[in-house]
Amino acid sequence: MQPELPTYDDVVRASERLAGNAHRTPVLTSATADAISGASVFFKCENFQRMGAFKFRGGYNAIARLTPEQRAAGVVTFSSGNHAQAIALASKLQGVQATIIMPLDAPAAKRAATEGYGGKIVTYDRYTEDREAIARRIQAETGATLIPPYDHEDVIAGQGTAAKELFEEVGELDYLFVCLGGGGLLSGSALSAFALSPRCLVYGVEPEAGNDGQQSLRKGEIVRIPAPKTLADGAATTHLGNLTFPLIQKHVRDIVTVTDEQLVSTMRFFAERMKMVVEPTGCLGAAAVMQNVVPVRGARVGVIISGGNVDLPNYAKLLAA
Ligand SMILES: *Cc1c(COP(=O)(O)O)cnc(C)c1O
């Protein structure tokens, strides 16, 4: 059966729900980034979004769409971090109880923030346990609505609003580079690109250790990989989704990969030159441009910086090394 895919209209409706609730994040430029890439680069800075990542957009939109009965029963989700914080904060703002299933090795700062927003945390071992099965069990026990991190119509539509704002602000672009985990951000961004800048080439960027998306695009079917070990914890997903994959197939030019080393150089660039804290996963798109993974000389290039939530001691260690 062909799943019902979200459209750009859904992105527009999500942006109406988010108005006044999510930040309209800044688009920043850097003469150094332009000099290094030979292009005009526009960074859409979702590291400045509420709770520190774009995931607030999808989470808020999904919760805003619940019926009164669903709101009363609460929501449940699984996440390596930012989606957890997004659901915890978006739930709190909309008066809904959230249960979050989180890996044991999730960064301490992400866990603390999720608890700070009032989310109830259940932990699991991401190398041996299936988070989706745990979520289904809690759902069956409590009647809570499952809001997955990426493979959900309202989540995808919400994530697409960041790129929508970018195109509205800077006009058409030749390229758009998007960090890729399960593909919620990439597929939503691709919907906005296709509607607002139809000739724009949209690229997904994955960590080299977790290139399931690239393999999937090459093979024409969703490829599953074991949980990858990468600094890009927000993109340590094992497979694309049933909604995100067809959207990516339809609207995304290609998926490229970058190494953890390239992520660290890019993190250092953001700290040193642009005075921004960007988490490793948030550097994926920028790394592809700054490290010349895709040559973009002379082009107008959009990059979504997806988040800025770091564990400070870890962050300092990576930058100092
Ligand atoms: C979740 C996340 C991603 C990946 O998003 P998907 O929608 O799963 O592809 C990228 N960057 C950050 C900071 C994230 O939190």
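Residues numbered from 1 in each chain as written. Predicted model: local features only at pLDDT ≥ 70, side-chain atom pairs only at ≥ 80, totals over all residues. Heavy atoms only, no water.

Peer 1: Is there a simple way to think about the nonpolar core in this case?
Peer 2: Nonpolar side chains tend toward joint burial in soluble globular proteins. With 36 residues, the main nonpolar core has Phe-43, Tyr-175, Phe-177, Phe-270, Val-296, Val-301 and Val-303 as its most contacted residues. Where this core is concerned, the elements lending two or more residues are β2 (40-45), β7 (175-179), β8 (201-207), β9 (254-258), α12 (260-273), α13 (284-290) and β10 (300-305). The greatest single-element share of this core, amounting to six residues, is contributed by α13. Not counting chain neighbours up to four residues away, the residues in contact with Val-301 comprise Ala-39, Ser-40, Val-41, Phe-42, Leu-173, Tyr-175, Phe-177, Val-289 and Val-296. Val-27, Leu-186, Val-252 and Ile-304 belong to the second largest nonpolar core, which has 24 residues in total. (Core = buried A, V, L, I, M, F, W, Y, C linked by side-chain atoms within 4.5 Å. Buried < 20%, exposed > 50% of the residue type's maximum accessible area, 1.4 Å probe, protein only. Helix = DSSP H or I, 4+ residues; strand = E, 2+ residues; numbered from the N terminus. Contact = heavy atoms within 4.5 Å.)

Peer 1: Explain the site of the ligand to me, please; I cannot follow it from the model alone.
Peer 2: As a matter of local geometry, the ligand sits amid 16 residues, with Lys-55, Asn-82, Gly-181, Gly-183 and Ser-306 nearest to it. Between Gly-181 and the ligand, the recorded distance is 2.8 Å, taken from a backbone N or O atom to an oxygen atom. Within the side chain of Ser-306, a nitrogen or oxygen atom sits 2.6 Å from a nitrogen atom of the ligand. Here the ligand, which alone exposes 390 Å², has 98% of that area covered by the protein. The residue inventory of the shell around the ligand, partitioned by class, reads five nonpolar, nine polar and two charged. (Near = heavy atom within 4 Å. Polar contact = N/O pair within 3.5 Å; in protein donor to acceptor, adjacent residues only side chain to side chain. Areas by Shrake-Rupley, 256 points an atom, 1.4 Å probe, with all protein chains shown as cover. Nonpolar A, V, L, I, M, F, W, Y, C, P; charged D, E, K, R; others polar.)

Peer 1: What exactly am I supposed to notice about helix α1 (residues 8-18) here?
Peer 2: Because each turn of an α-helix spans 3.6 residues, side chains separated by three or four positions in sequence point in the same direction. Turning to α1, its buried residues number three or more, namely Tyr-8, Asp-10, Val-11, Ala-14, Ser-15 and Leu-18. With its buried residues spanning 150 degrees around the axis, α1 presents them on a single face. On its buried face, α1 is in contact with α3 (55-64), α8 (153-170) and α9 (184-196). Immediately beyond the C-terminal end of α1, within one or two residues, lies Gly-20, with a positive phi of roughly 85 degrees. (Arc of directions from axis to C-beta.)

Worth remembering: the numbers are spatial, not functional.
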